[in-house]
Amino acid sequence: MSSIRIFILGSLARRGPMHGHQLRLLAEEEHLDLWTDITIGGLYGALKRLDAEGLIEEVRTEQVGLYPQRKVWRITDDGAHTLSALRLSGLREIVLKPDPFDLILTRLGPEHLDDLPAVIDARVTSLKAMLTEYETLMRAISRYLSVAESLAMEHRVVRLRAEVDWHEGLAGRLAEVIVDEKARRGTHDRAE
């Protein structure tokens, strides 16, 4: 699922023809970087890809004052069909990406076992700081958000809280993890 494709196609469908800079300003205005995986710098590459796929097309080129010429894009019929399919798929699809931390936790080297409490403590501190910062930002911009945007941001808050809770649970079981890993290392060493 490509969030940037949904954003571009959806924006062109809703607002009509736009150039890349207008899309960039819209993404910034809607604070998409706070609650999606969209990077503002990826917009122009995505426009080129959507054009190559026939999902958008150039309507005209315009130039205002001394600014560079800009291509103005509109969504095509194929783009509208693709947008509809992406919206449906995005509503149905559940995305929970694996965290490399989990794999590393199951593959700890003996040289890192003693560092584990400090590392987990630092992760908890970082996650709590992210949560606090995000909640503060959410309160500051809440009056500018639609109901759906507020709910999307709240979704991220809930996920961050779950991460904090899970890591705090891990911190409470670290002694058990370390004992288990040392015992498993001893078993593996004897088997070799």
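Residues numbered from 1 in each chain as written. Predicted model: local features only at pLDDT ≥ 70, side-chain atom pairs only at ≥ 80, totals over all residues. Heavy atoms only, no water.

Chemist: When you look at the packing of helix α1 (residues 3–15) against helix α4 (residues 43–52) in this model, what are you seeing that I'm missing?
Modeler: How two helices pack is summed up by the angle between their axes together with the distance between the axes. The geometry of α1 relative to α4 is characterised by a closest axis approach of 10 Å and an angle of 75° between their N-to-C directions. Considering the angle they form, α1 stands roughly perpendicular to α4. For the pair formed by α1 and α4, the contact residues are Ile4, Arg5, Phe7, Ile8 and Leu9 on the first element and Leu43, Ala46, Leu47 and Leu50 on the second. Looking at the contact of α1 with α4 residue by residue, the classes come out as 8 nonpolar, no polar and 1 charged. (Axes fitted to C-alpha atoms, helices over the stretch in contact; angles between N-to-C directions. Helix = DSSP H or I, 4+ residues; strand = E, 2+ residues; numbered from the N terminus. Parallel < 35°, antiparallel > 145°, perpendicular 65-115°, else oblique. Contact = heavy atoms within 4.5 Å. Nonpolar A, V, L, I, M, F, W, Y, C, P; charged D, E, K, R; others polar.)

Chemist: Even after reading the chapter, I still don't get the pattern of salt bridges, so can you show me in this structure?
Modeler: Side-chain pairing between opposite charges can occur once the charged atoms of the two side chains come close. Tallied over the entire structure, the rule returns 11 salt bridges. Between Arg15 and Glu30 there is a salt bridge; the shortest N-O distance is 3.9 Å. With Arg15 in helix α1 and Glu30 in the loop between α2 (20–29) and α3 (32–35), this residue pair connects regions lying 15 residues apart in the sequence. On the accessibility criterion, Arg15 (47% relative accessible area) is partly exposed. Overall, the relative accessible area of 19% leaves Glu30 in the buried class. Salt-bridge contacts for Lys128 lead to Glu168; the nearest nitrogen and oxygen are separated by 2.9 Å. Here Lys128 is found in helix α7 (residues 116–141), whereas its partner Glu168 is found in helix α8 (residues 147–172), with 40 residues between them in sequence. Residue Glu168 is classed as partly exposed on the basis of its relative accessible area, which comes to 36%. (Salt bridge = Lys/Arg side-chain N within 4 Å of Asp/Glu carboxyl O. Buried < 20%, exposed > 50% of the residue type's maximum accessible area, 1.4 Å probe, protein only.)

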